[in-house]
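Here are the chains, one letter per residue:
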Amino acid sequence: MGDVLSDDEIDDRLPGGWSHDGEEIVRTFEFDSYLPGVGFASGVGGLAEDAWHHPEITITWGEVEVRLTTHDAGGITGQDIELAQRCNEIYE
Ligand SMILES: C[C@H](O)[C@H](O)[C@H]1CNC2=NC(N)=NC(=O)C2=N1
C-alpha cells in the first residue's frame, strides 16, 4: 500500500493530464462519442482488478472521469500514481 505522499511528491510524480484534487488525483479522458468511453472504462476496470486498486469512474457522453485515492491509507499513495500511469498507457 505504501505511505501517503506529500503534496510535493504528488506534484512531482503526477502523470501527464492528471490533477491533484484534495485527497484524490483525477483525470477526465475525452472521446468522440459514448461507447469508446465505455470501452475505456472497462479497460480501467481490468487494470484496477490487476492492481487490486480501484478508482471511481464516471462515464458521460464523450468523457470518462477517473478519480484515485488509497482508501486504506487515507490519502494519495504510489499505488494511485502507478494506476494513473497505466490508465494513460491504455488511452494514448
Ligand atoms: C478489501 C480490499 O482489499 C481493499 O478495499 C482494497 C481494494 N481496492 C482499493 N482501492 C482503493 N482505491 N483504495 C484502497 O485502499 C483499496 N483497498
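Read on for an overview of the structure. (Residues numbered from 1 in each chain as written. Predicted model: local features only at pLDDT ≥ 70, side-chain atom pairs only at ≥ 80, totals over all residues. Heavy atoms only, no water.)

### With respect to the pairing of strand E3 (residues 56–60)
Okay, so step 1: For E3 and strand E4 (residues 63–68), the ladder comprises five bridges, and the chain directions are antiparallel. Across the sheet, residue Ile57 finds its bridge partner in E4, namely Val66.
Okay, so step 2: Adjacent in sequence and paired antiparallel, E3 and E4 are bridged by two residues, among which Gly62 carries a positive phi angle near 80 degrees. (Pairing = 2+ DSSP bridges. Helix = DSSP H or I, 4+ residues; strand = E, 2+ residues; numbered from the N terminus.)

### Quick look at the nonpolar core
Okay, so step 1: Of all hydrophobic cores here, the largest spans 18 residues; its most connected members are Trp18, Ile25, Phe29, Phe40 and Val66.
Okay, so step 2: Secondary-structure elements contributing two or more residues to this core are strand E2 (24–30), helix H2 (34–51), E4 and helix H3 (78–91).
Okay, so step 3: Other than its neighbours up to four places away in sequence, Phe40 contacts Phe29, Phe31, Val64, Val66, Cys87, Ile90 and Tyr91. (Core = buried A, V, L, I, M, F, W, Y, C linked by side-chain atoms within 4.5 Å. Buried < 20%, exposed > 50% of the residue type's maximum accessible area, 1.4 Å probe, protein only. Contact = heavy atoms within 4.5 Å.)

### Re the sheet that holds E2
Okay, so step 1: One open sheet accounts for four strands, arranged E1-E2-E4-E3; its pairing is antiparallel. A strand with exactly one partner marks an edge of an open sheet, and here the two such strands are strand E1 (19–21) and E3. When strand polarity is set aside, the average angle formed by the axes of neighbouring strands in this sheet is 25 degrees.
Okay, so step 2: Helix-sheet contacts for H2 involve E2, E3 and E4, and the interaxial angle to E3 is about 170 degrees. (Axes fitted to C-alpha atoms, helices over the stretch in contact; angles between N-to-C directions.)

### With respect to a negative patch on the surface
Okay, so step 1: A grouping of Asp3, Asp7, Asp8, Glu9, Asp11, Asp12 and Glu23 is seen on the molecular surface, where their side chains present a negatively charged patch.
Okay, so step 2: With respect to the helices and strands, the residue Glu23 is situated in the loop between E1 and E2. (Patch = residues over 30% accessible without salt bridge, like charges linked within 9 Å, V, L, I, M, F, W, Y side chains within 5 Å. Areas by Shrake-Rupley, 256 points an atom, 1.4 Å probe, with all protein chains shown as cover. Salt bridge = Lys/Arg side-chain N within 4 Å of Asp/Glu carboxyl O. Lys, Arg positive; Asp, Glu negative; His and termini not counted. Charge placed at Lys NZ, Arg CZ, Asp CG, Glu CD.)

### Examining the pairing of E2
Okay, so step 1: Relative to E2, E1 is paired through three bridges, and the arrangement is antiparallel. Its bridge partner lying in E2, Asp21 is registered against Glu24.
Okay, so step 2: Looking at chain direction, E2 and E4 are connected through six bridges and run antiparallel. Counterpart to Glu30 in the pairing with E4 is Glu63.

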